[in-house]
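Observations on chain architecture
The lines below spell out each chain.
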Amino acid sequence: MKIILSTSNPHKVKEINEIMDTNDVEFILPPDGFDPDETGTTFAENSLIKAKTAWELSHDWSLADDSGLCIDALGGQPGIYSARYAETPQKRIERVLKELDGIKNRKAHFTCCMTLIAPDGSIAFACEGICKGSIIEEAKGTNGFGYDPIFMPEGYNKTIAELPEDEKNRISHRSKALVKVIDYIKTQVL
Ligand code: IMP
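Model, not experiment: these values are computed from the prediction.

The rules we used
Residues numbered from 1 in each chain as written. Predicted model: local features only at pLDDT ≥ 70, side-chain atom pairs only at ≥ 80, totals over all residues. Heavy atoms only, no water. Helix = DSSP H or I, 4+ residues; strand = E, 2+ residues; numbered from the N terminus. Rg over C-alpha atoms; globule rule 2.2 N^0.38 Å. Buried < 20%, exposed > 50% of the residue type's maximum accessible area, 1.4 Å probe, protein only. Contact = heavy atoms within 4.5 Å. Areas by Shrake-Rupley, 256 points an atom, 1.4 Å probe, with all protein chains shown as cover. Lys, Arg positive; Asp, Glu negative; His and termini not counted. Charge placed at Lys NZ, Arg CZ, Asp CG, Glu CD. Pairing = 2+ DSSP bridges. Near = heavy atom within 4 Å. Polar contact = N/O pair within 3.5 Å; in protein donor to acceptor, adjacent residues only side chain to side chain.

**Some thoughts on the overall build of the chain**
Counting its secondary structure elements, the chain contains five helices and six strands. Traced from its N-terminal end to its C-terminal end, the chain shows the element sequence β-α-β-α-β-α-β-β-β-α-α. The C-alpha radius of gyration of the chain comes to 17 Å, within 12% of the 16 Å expected for a compact globule of 190 residues. On the principal axes, the C-alpha backbone points of the chain span a range of 50 × 30 × 25 Å. Within the chain, buried positions represent 47% of all 190 residues. Considering only contacts within the chain whose residues lie at least 6 apart along the sequence, 60% involve residues at least 24 apart. Counting every atom, the chain has about 9700 Å² of accessible surface; 49% of that belongs to carbon and sulfur. Of note, the chain has its 22 positive side-chain charges centred 5 Å away from the centre of its 30 negative side-chain charges.

In structure tokens:
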């Protein structure tokens, strides 16, 4: 079974393919320049918008995720604005560290919402995955992407950017959501 994966982020594609544990599902990328407007007000709405945009092009199985970092002391920000919080990944990290300067409550979590659209255009399955942790004082590590260098998952004393990829893939918000999608596909579709 082929599923269009509604993203242009190569890191996500790599992660998702590494998490996949079945050869029965093949993810295909949308055409170049695929760039749906993320006009939703929640991760769930944005993942639905992205999945629908991919479905409109293909009329085939389409999966989209929308994810981001939510920081308790910032009222859940950057949240759905995670990718747009500043111009570059480095500047986004700097902005978060500056906004948390002097703040003791460093609790945060990554959220990932996924929406799977069936070939008839209906929503087949939607779910969420969460990875809890905290924001450290300065960036550490070079693996992963985005806010990984400042995010320390619960139960670890390293940032996600200091963990090997397979370890991130075991605990990440995206893998938790994807496991649910794969379970749905295996039990209800294949
Ligand atoms: P999306 O592509 O609209 O889902 O935006 C996701 C944004 O949230 C990314 O550009 C990153 O800034 C951040 N983000 C999502 N997942 C991760 C992750 O696994 N590690 C670090 N940052 C992430």
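**Brief notes about the pairing of strand 4 (residues 107-117)**
Burial analysis of strand 4 places nine of its 11 residues in the buried class, the great majority of the element. Relative to strand 4, strand 3 (residues 62-71) runs antiparallel, the two being bridged by 10 bridges. Residue L69 lies in a different strand from strand 4, and its bridge partner there is F110. As defined by bridge partners, strand 4 adjoins strand 5 (residues 123-135) across 11 bridges and the pair is classed as antiparallel. If you follow I117 over to strand 5, its bridge partner there is I123. Between the antiparallel neighbours strand 4 and strand 5 lie five residues, among them G121 with a positive phi of about 90°.

**Here's the deal with the site of the ligand**
Not every one of the 16 residues close to the ligand is listed here, only the nearest: K12, S67, D148, K168 and R174. The separation between an oxygen atom of the ligand and a polar side-chain atom of E38 is 3.1 Å. Here H173 contributes a side-chain N or O atom positioned 3.1 Å from a nitrogen atom of the ligand. Elements with a minimum of two residues in the shell around the ligand: strand 3 and helix 5 (173-189). The leading source of residues in the shell around the ligand is strand 3, at three residues.

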